[in-house]
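Structure assessment
Spelled out, the chains give:
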Amino acid sequence: MTTHISRDELKAAIDAGTVTVVDALGGQYYAQQHLPGAIALVEGEVADRAAELLPDRDAAIVAYCSNPACPNSEAVARRLVALGYTDVRTYREGIQDWVEAGLPVETSVNA
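Each value, and the rule that gives it
Residues numbered from 1 in each chain as written. Predicted model: local features only at pLDDT ≥ 70, side-chain atom pairs only at ≥ 80, totals over all residues. Heavy atoms only, no water. Disulfide = S-S within 2.5 Å. Buried < 20%, exposed > 50% of the residue type's maximum accessible area, 1.4 Å probe, protein only. Salt bridge = Lys/Arg side-chain N within 4 Å of Asp/Glu carboxyl O. Helix = DSSP H or I, 4+ residues; strand = E, 2+ residues; numbered from the N terminus.

Here's the deal with the state of the cysteines
Across all of its chains, the model carries one disulfide by this definition. There is a disulfide in this structure between Cys-65 and Cys-70, and the S-S distance comes to 1.7 Å. Because the sign of the S-S torsion sets the handedness, a value of about 45 degrees for the bond joining Cys-65 and Cys-70 places this disulfide among the right-handed ones. A relative accessible area of 1% places Cys-65 in the buried class.

Dropping the structure here:
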C-alpha cells in the first residue's frame, strides 16, 4: 500500500532535493509539462526501466498523474512497491492542482 503526499509536502521535498518525482502520464503529457525534476515512467515501463531510473530502492519516490480521477499514479506506485521500493507515495491531486496553485512546471517541448 502507498500513502499520499500533499502539495505543500511535495513542494518542500522537491525544493530540498529529497524526492524523485515520477510522471505517470508520460509521452506528450510529460513533454508539454511536468513537475520540476520529474522523470517519465508509465505503468507498462516500470518492470523494464525502474532499476535504471530509480536505482535506490529506499529513496523517496512520489508518483503523480493529471488529477485525483487518474489511476496512473496509483498503478505506477503499486508496481514500484511490488518491485521492492520502500518509500513510495502518490500526489493524488496531480499536475492540474499544481498548475492551478501557480507552482512552476518544466517542459520537454522545444520552442
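Picking up after the structure, the text goes on.
Let's talk about the pattern of salt bridges
Under the definition given, this model contains five salt bridges. The closest approach of N and O atoms between Lys-11 and Asp-15, which form a salt bridge, is 2.7 Å. Taken together, the residues Lys-11 and Asp-15, both in helix α1 (residues 7-16) and four residues apart, mark about one turn of the helix. For Asp-15, a relative accessible area of 56% gives the class exposed. In this structure, Glu-52 engages Arg-49 in a salt bridge whose closest nitrogen and oxygen atoms are separated by 4.0 Å. Here Glu-52 and its partner Arg-49 are both found in helix α3 (residues 46-53), three residues apart, which amounts to about one turn of the helix. Using a relative accessible area of 56% as the deciding quantity, one classes Glu-52 as exposed. One network of salt bridges, in which partners are shared, links Glu-45, Arg-49 and Glu-52.

Keep in mind these numbers describe shape, not what the thing actually does.
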